[in-house]
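Tertiary structure, described
Chain residues, written in single-letter form:
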Amino acid sequence: MNHTVRVRYAPSPTGEPHLGNIRTALFNWLYARGQGGSFIVRVEDTDQERLVPGALNSILDALLWLGLDWDEGPTDDGKGNKGAFGPYFQSQRLPLYHQHTERLVASGSAYRCFCSSARLDAIRRAQQQQKLPPGYDRLCRDMPEDERRRRLDSGEPSVVRFRVPLEGATTVHDIVRGEVTWENRLLDDFIILKSDTFPTYHLASVVDDHVMQISHVMRAEEWLPSTPRHLMLYYALGWAPPKFAHLPMILGADRSKLSKRHGATSVLEYRTQGFLPDALLNFLTLLGWSLDDKTDVISRADLVRHFSLDRITKAAAIFNAEKLTWMNGVYVRAMSPQALAEQMLPFLERQEADGGLPNDIPMPLDRSYLLRIVPLVQERLKLLSESAELTGFFFQEHLAYDASLLVQKGMDAAATANALRQSSQRLAALSSWDTATLEALFRPLADELGIKTGQLFGAVRVAVTGRTATPPLFQTMEALGKERCMARIALAIDSLKP
RNA sequence: GCCCCCAUCGUCUAGCUGGCCUAGGACGCCACCCUUUCAAGGUGGAGACCAGGGGUUCGAAUCCCCUUGGGGGCACCA
């Protein structure tokens, strides 16, 4: 039995919240929530040069949007800390890393190295030319102590490297992959403390995972090759390592690491494209995990309840946006009209250039009118960003369409104009304006005019909406209201004049 | 080049301790039904000789080995 599950998501604030990274966060979160454990966010900001202003806020924003709340980590605004094991920014924990580095040096597990970047580059180049495995040549590994001390005292820049055993092997018992073993002699003496006195990822993550009492390290598969280094650090520090689970990667359509050229990679882009957080969450979970042989749509609560490490897939998954879009439609249809209207509003009210309604439509929109429209478009909407496209004609003052669209198959302009005139006359006499009344009027009218219902409805549909594909005609007309419909039909008749 | 991981329909996957698989579900695709258009929904279909080859076994998609293919890693980046 797991005593206390403590898992962490350890983003580095160097860019947008990538789908792959967030999927890792999601698995950690699901496991923590399902096990009654803690989900911790730790900011790995040990590379001063790659820090991107605002990146952390984007990442936290993405987590918050998806509903992945954390128990410990930065505060929601990214400025402070919350939790008993803080601070959760590695840049604020330097003394801790220095302390453990000293221990490793003192015990002989690590050593000062004075090799310059220039020399390192040179040996790497030489190794590549000779087709040798790249890696540090251990020049400083056996430097006499007095020389080491002298150069350090003189202020010569240095790093600290881990003294990797020359023999033996290191084995990790990975939860998803089983036993994986590396020969120690194939690993070089990696740097644990940089010359700017910041730790590398290897040291910092090991120290923090231990000190923060992390029980399971779940991270992307790309970390698997550095796991033996981490294990060596745990052993040298005298600590018991946590359990490891390396998650399958998410790849683009061409099977390479998901990147910009495969389309949107930032979770935030999916938000602006009109995906629902629950749909994305559901979809992302199924990229690398499954409940059984038939379940695709599964609620957040059930995900939390059923998520398990032993059903995580080993093979990398290709991100298939088409299925995500379908799934989003499923979630859209499952919403209450009120909730959907709420979600659609910002998409409708944003700038026309950003996919919103035309700029000449008065904002804010009439909410009760929108609420009458939403049920008509709900099952036709897959992405919230399609809102304006689908509902525009309900709001536009003037419809712009090609008059030839009014003329249905088997009809001509004169017949169409006549049908619309007849329609207009009958409609004018109507005292109530609802779907049933309208249908009762139009069906017999088609008969009288000697045309098919499809022909009549088609002409009226275009007249009233400017489009050939719309929600059901009479419901649409009811929502539009008599005044708008009458005016639009009149305009349509005009446009048919030779 | 070296190390590591992976391998079932185009894609996500079920298949975990071998027989219930002449391989199941979903997306997408194609028909048909419903229907005033578009959707949604319903029904049916095409689509994987389980990467290939060897074994083990009475019997393998399921276990083992090899090959091939794909991916990842080899920084004073994470």
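Located above this text is the structure these notes cover.
Remember, it's a predicted structure, so these values are computed and weren't measured experimentally. (Residues numbered from 1 in each chain as written. Chains lettered and ligands numbered in written order. Predicted model: local features only at pLDDT ≥ 70, side-chain atom pairs only at ≥ 80, totals over all residues. Heavy atoms only, no water.)

Considerations on the overall build of chain A
Stated formally: Labels follow the DSSP assignment, with helices taken as runs of H or I lasting at least four residues and strands as runs of E lasting at least two, numbered in each case from the N terminus. For the radius of gyration, the atoms used are the C-alpha atoms, and the globule rule reads 2.2 Å times the number of residues raised to 0.38. Type-normalised accessible area, obtained with a 1.4 Å probe on protein chains alone, sets the label of each residue: buried when under 20%, exposed when over 50%, and partly exposed for intermediate values. Two residues form a contact once any of their heavy atoms are found within 4.5 Å. In this count, Lys and Arg are taken as positive residues and Asp and Glu as negative ones, while His and the chain termini are left out. In this description, the location of a charge corresponds to atom NZ of lysine, CZ of arginine, CG of aspartate or CD of glutamate.
Counting its regular elements, chain A contains 19 helices and 13 strands. What you see for chain A is a C-alpha radius of gyration of 32 Å, clearly larger than the 23 Å of a compact globule of 498 residues, by over 25%. Its C-alpha atoms give chain A principal-axis dimensions of roughly 110 × 50 × 40 Å. When burial is assessed residue by residue, chain A has 49% of its 498 residues classed as buried. Look at the contacts in chain A between residues 6 or more apart in sequence, and 71% of them connect residues 24 or more apart. Charged side chains in chain A number 57 positive and 59 negative. The centres of these two groups are separated by 3 Å.

Quick word on unusual backbone geometry
A cis amide bond links glycine 86 to the next residue, proline 87, at an omega of 0°. Structurally, proline 87 can be placed in the loop between strand 4 (81–82) and helix 3 (94–106). Cis rather than trans, the peptide bond between methionine 363 and proline 364 has omega equal to -5°. Examined against the element boundaries, proline 364 turns out to sit in the loop between helix 12 (337–349) and helix 13 (367–377). For arginine 138, which is not glycine, the phi dihedral falls at a positive 65°. You can see arginine 138 is positioned in the loop between helix 4 (117–129) and helix 5 (145–153). In the Ramachandran plot, glutamine 213 falls in the positive-phi region, its phi being about 60° despite a non-glycine side chain.

Regarding the sheet that holds strand 9 (residues 191–193)
Remark on secondary structure: sheet strands pair via backbone hydrogen bonds, oriented parallel or antiparallel. As a reminder of what qualifies: A strand pair is defined by DSSP finding two or more bridges across the two strands. Between the N-to-C directions of two axes lies an angle of 0 to 180 degrees, each axis being a line fitted to C-alpha atoms and, for a helix, fitted only over the stretch in contact.
Spatially, 5-6-9 is the arrangement adopted by the 3 strands of the open sheet, whose pairing is antiparallel. Every other strand in the sheet has two partners, leaving strand 5 (110–113) and strand 9 as the edge strands with one partner each. Across the sheet, the axes of successive neighbouring strands diverge by a mean angle of 45°, strand direction being ignored. As paired strands, strand 5 and strand 6 (residues 159–162) are joined by 4 bridges and run antiparallel to one another. What sits directly across from cysteine 113, in strand 6, is valine 159. Of the strands in this sheet, strand 5, strand 6 and strand 9 touch helix 3, which is tilted by about 130° from strand 9.

Considering the protein's contact with RNA strand B
Definition in use: The nearness test applies per residue and asks whether one of its heavy atoms lies within 4 Å of the molecule or strand. By the criterion applied in these results, polar contacts are pairs of N or O atoms within 3.5 Å in which, for protein atoms, one can donate a hydrogen and the other can accept it, and in which residues neighboring in sequence qualify only through two side-chain atoms.
Neighbouring RNA strand B are 63 residues; Arg177, Lys194, Glu379, Arg380 and Arg461 lie closest to it. If you look at RNA strand B and keep only atoms within 4 Å of the protein, 72% of those are sugar or phosphate atoms. A distance of 3.1 Å separates a base nitrogen of RNA strand B from a polar atom in the side chain of lysine 323. Taken together, the elements giving at least two residues each to the surface near RNA strand B come down to helix 4, strand 6, strand 8 (178–183), strand 13 (317–318), helix 11 (321–334), helix 17 (453–465) and helix 18 (473–480). At 4 residues, helix 11 tops the list of elements feeding residues into the surface near RNA strand B.

A short note on the pairing of strand 2 (residues 38–41)
Look at any regular strand and the pattern is simple: side chains alternate between the two faces of the sheet. Counted only if it meets this: When the strands point away from the viewer and the path from the first strand over the helix to the second turns clockwise, the crossover is right-handed.
Of the two faces of strand 2, the one lined by Ser38 and Ile40 and the one lined by Phe39 and Val41 are each fully buried. In terms of strand pairing, strand 1 (residues 6–9) meets strand 2 through 4 bridges, oriented parallel. Following the sheet pairing, valine 7 is matched in strand 2 by phenylalanine 39. Viewed along the sheet, the connection from strand 1 through helix 1 (residues 19–35) into strand 2 turns out right-handed.

Focus: helix 2 (residues 55–66)
As a reminder of what qualifies: Expected helix span is computed as 1.5 Å times (number of residues minus one).
Over its 12 residues, helix 2 extends 17 Å from the first C-alpha to the last, a length consistent with the 16 Å expected when each residue adds 1.5 Å. With respect to burial, helix 2 is a largely interior element, 9 of its 12 residues being buried. Burial in helix 2 covers these residues: Ala55, Leu56, Ser58, Ile59, Leu60, Ala62, Leu63, Trp65 and Leu66. Where helix 2 terminates, the next one or two residues include glycine 67, which has phi positive at roughly 80°.

Concerning the nonpolar core
Threshold: The definition of a nonpolar core used throughout is a set of buried Ala, Val, Leu, Ile, Met, Phe, Trp, Tyr and Cys residues joined through side-chain atoms within 4.5 Å.
Counting 111 residues, the largest nonpolar core has Phe319, Leu420, Leu427, Phe442 and Met477 as the members making the most contacts within it. Per element, the largest residue contribution to this core is 9 residues, and it comes from helix 1. Beyond its immediate sequence surroundings of up to four residues, phenylalanine 442 is in contact with Ser423, Leu427, Leu456, Phe457, Val460, Phe474 and Met477.

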